[in-house]
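So you can see what is in the structure, the chains are spelled out below.
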Amino acid sequence: MGERQTDQPALFYEFSLERHVRGDHLLRSIDRFVDLGGIREQLRPFYSEGRPSVDPELMIRMLIVGYCMGIRSERRLCEEVHLNLAYRWFCRLGLDGAVPDHSTFSKNRHGRFRDCELLRHVFEATVRRFRPIVLTALAAVLAMIPLSRSVFWGPMAVAIMGGLIVATVLTL
């Protein structure tokens, strides 16, 4: 009778959130348009020096997750971000990244974000990045309409218009 073989657990693991979030996930599409680079500078007057607080970019990204995924409770949102790999990826948290406590999250949201127009600025910046893509696709589709009436070029024009519309939707 041979010895019992037991696997030795690995000392280190390689894990990438990037590989574990589907390519067609809604948050991947949203992430392309969300630019929160200057958010800390805009919120600097609302933060005091001293004890570190919740990262404003993390707060905004968590709010976006809550709005897009229909999570209304701040307590549940913090739990979901803690558990869901796609939410962690979108919020730029690693596996060991700390999710704020729901009470801290709530106090920050109701206190700091109430007095500033930050969420409006984030929305406007997203629309500014979204608009050129849609307008370019729309202009190309409209340019094909006169060709679609032609007997010879009509089927090709219809195929191009359909391809442009589908490609634009998939890009977004």
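Everything here concerns the structure above.
As the structure is a computational prediction, the values presented were derived from the model and not from experiment.

About the criteria used
Residues numbered from 1 in each chain as written. Predicted model: local features only at pLDDT ≥ 70, side-chain atom pairs only at ≥ 80, totals over all residues. Heavy atoms only, no water. Buried < 20%, exposed > 50% of the residue type's maximum accessible area, 1.4 Å probe, protein only. Helix = DSSP H or I, 4+ residues; strand = E, 2+ residues; numbered from the N terminus. Arc of directions from axis to C-beta. Contact = heavy atoms within 4.5 Å. Core = buried A, V, L, I, M, F, W, Y, C linked by side-chain atoms within 4.5 Å. Patch = residues over 30% accessible without salt bridge, like charges linked within 9 Å, V, L, I, M, F, W, Y side chains within 5 Å. Areas by Shrake-Rupley, 256 points an atom, 1.4 Å probe, with all protein chains shown as cover. Salt bridge = Lys/Arg side-chain N within 4 Å of Asp/Glu carboxyl O.

J.: Give a description of helix α7 (residues 102–111) that names residues and reports values.
T.: Regarding α7, the residues found buried are Phe105, Ser106 and Asn108. Down the axis, α7 shows its buried residues gathered within 165 degrees of arc, on one side only. Each element contacted by the buried residues of α7 is listed here: α4 (56–69) and α5 (74–83).

J.: Residues and numbers for the side chain of Glu57, please.
T.: Within the secondary structure layout, Glu57 lies in helix α4. Residue Glu57 is classed as buried on the basis of its relative accessible area of 16%. Those residues in contact with Glu57, other than ones at most four positions away along the chain, are Leu36, Ile39, Arg40 and Arg92.

J.: Before we move on, can you summarise the nonpolar core with the specific residues and values?
T.: Counting residues in each nonpolar core, the largest one holds 29 residues, and the members touching the most others are Met62 and Val81. Put simply, the parts of the chain that give this core at least two residues each are α2 (26–31), α3 (39–43), α4, α5 and α6 (85–90). Ranked by the residues each element gives to this core, the list is headed by α4, at seven residues. Not counting chain neighbours up to four residues away, the residues in contact with Met62 comprise Leu77, Cys78, Val81, Cys91, Val99, Pro100 and Phe105.

J.: Could you give me a rundown of a nonpolar patch on the surface, with the residues and numbers involved?
T.: Taken together, the side chains of Leu147, Phe152, Trp153, Met156 and Ile160 make up a nonpolar region of the molecular surface, amounting to roughly 490 Å² of accessible area. Note that Ile160 resides in helix α9 (residues 154–171).

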